[in-house]
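Results of the structural survey
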Amino acid sequence: MIYSKTNMQTIILSAGVGSRLRPYTKDLPKCLVKLGGTAILEHQLTVLQDCGISKKSISIVGGYLCEKLRKYNIKVFENKFYQKTNMVFSLFVALNNLNNNEDIIISYGDIVYEKKVLKKLIKSTHSITIVADKSWKNLWDLRMDNILNDAETFRYDSNLNILEIGKKAKSIDEIQAQYIGLIKIKKEFIKRINKIYQDFFKNKNVDKSILNNMYMTSFIENLINKNLPVKACLIEGGWLEVDTTYDLEIYNELYKKKELSKYCEVI
């Protein structure tokens, strides 16, 4: 089923080298590595368009092997400093070049998600919405022996206000869900978020190299500390993160066995 047209922008962040996916990323950016025979980016584009987001409203921020992204007929913004910067820097490379008169969805370039996940995010009326998986442990148990080596804190209150995100977790109790790398920002808040980011750089007491390498979860925590309303959009499965060679290989093995749908139905 293809949904009616949705008036919003989508920014896919995919500038990084993807060193943990070598050798698959030797000649490809991370988002073009194939899952189930199809590039991760192509999975995302299909879901986005099936949910009513037109191709002209989708852009991607590339860096490593950026030229290989241009064949997809979507806007490509290049983070020329990708080797010394992180996702927040890439986000603002795009935001500073877009007409921000529409709500914006921000997606990491190394995730795959089902239509039901994206549709729930699109329907959110909150100012800033962060998708988080309550059933995250199933996926982490598949991917690693010690889930606390990788899982990060995520806490929210009874009104879905996010209280904490992205810190090193000491116990499972600190993880009510797991952030998946998918965000929605209402258009009314984009200027405020941009101002907060620019104000960081105006602060002479802040190390600019730290700002350039800021993680998205750290930026979200800064928004929370500035009293911006940041809400959780809770899901239960229906997505995958492709971060390491083991991730990719175990997913592709399950796909061949027709068992990957236990975690995510890929197109």
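Residues numbered from 1 in each chain as written. Predicted model: local features only at pLDDT ≥ 70, side-chain atom pairs only at ≥ 80, totals over all residues. Heavy atoms only, no water.

Let's shift gears to the layout of surface pockets. If a probe the size of a water molecule is rolled over the atoms, the empty space left behind becomes visible. In this structure, the largest pocket occupies an estimated 1,100 Å³ of space. Contributing to the lining of the largest pocket are 39 residues, with Arg20, Met87, Asp110, Tyr215 and Asp243 lying nearest its centre. Of all elements in the fold, only β1 (8-14), α2 (87-95), α4 (136-143), β10 (162-168), β11 (178-185), α7 (216-225) and β13 (239-241) reach the threshold of two or more residues within the lining of the largest pocket. Sorting elements by how many residues they give to the lining of the largest pocket places β11 first, with four residues. Its residues assigned to classes, the lining of the largest pocket comprises 14 nonpolar, 16 polar and nine charged. (1 Å grid on protein atoms, 1.4 Å probe; cavity = no way out; pocket = protein on both sides within 12 Å on 5 of 7 lines; lining within 4 Å. Points joined across faces, edges and corners; volume = space filled by probe spheres on them. Helix = DSSP H or I, 4+ residues; strand = E, 2+ residues; numbered from the N terminus. Nonpolar A, V, L, I, M, F, W, Y, C, P; charged D, E, K, R; others polar.)

With respect to the element layout, asparagine 79 can be found in the loop between β5 (75-78) and α2. For asparagine 79, a relative accessible area of 1% corresponds to the buried category. Of note is the side chain of asparagine 79, whose polar atom sits 2.9 Å from the side chain of threonine 85. In this structure the side chain of asparagine 79 is engaged in a polar contact, spanning 3.0 Å, whose partner is the side chain of serine 90. If we ignore the near neighbours within four places in the chain, the residues touching asparagine 79 are Ala15, Val61, Gly62, Gly63, Thr85, Phe89, Ser90 and Val93. (Buried < 20%, exposed > 50% of the residue type's maximum accessible area, 1.4 Å probe, protein only. Polar contact = N/O pair within 3.5 Å; in protein donor to acceptor, adjacent residues only side chain to side chain. Contact = heavy atoms within 4.5 Å.)

Within strand β8 (residues 128-133), six of the six residues are buried, which leaves it mostly tucked inside the rest of the structure. Neither face of β8 is left uncovered, since the one carrying Ile128, Ile130 and Ala132 and the one carrying Thr129, Val131 and Asp133 both have all their residues buried. Relative to strand β12 (residues 230-235), β8 runs parallel, the two sharing six bridges. By the bridge assignment, aspartate 133 is partnered in β12 with isoleucine 235. (Pairing = 2+ DSSP bridges.)

The tally for this structure, following the rule as stated, stands at one cavity of 30 Å³ or more. Of the voids in this model, the largest cavity is the one considered here, and its volume is about 50 Å³. Mapped onto the lining of the largest cavity, the elements with two or more residues apiece are β11 and α7. When residues in the lining of the largest cavity are grouped by element, the largest group, four residues, is from α7.

Pairing in this open sheet of seven strands is mixed, and the strands run β5-β4-β1-β6-β11-β8-β12 from one edge to the other. Of all the strands in the sheet, just β5 and β12 have a single pairing partner and so form its edges. The sheet shows a mean angle of 25° between the axes of neighbouring strands, taken without regard to direction. Across five bridges, β1 lies against strand β4 (residues 58-62) in parallel orientation. Considered in β4, the bridge of isoleucine 11 is made with serine 59. (Axes fitted to C-alpha atoms, helices over the stretch in contact; angles between N-to-C directions.)

So far we have only geometry, and geometry alone does not tell us how the molecule works.
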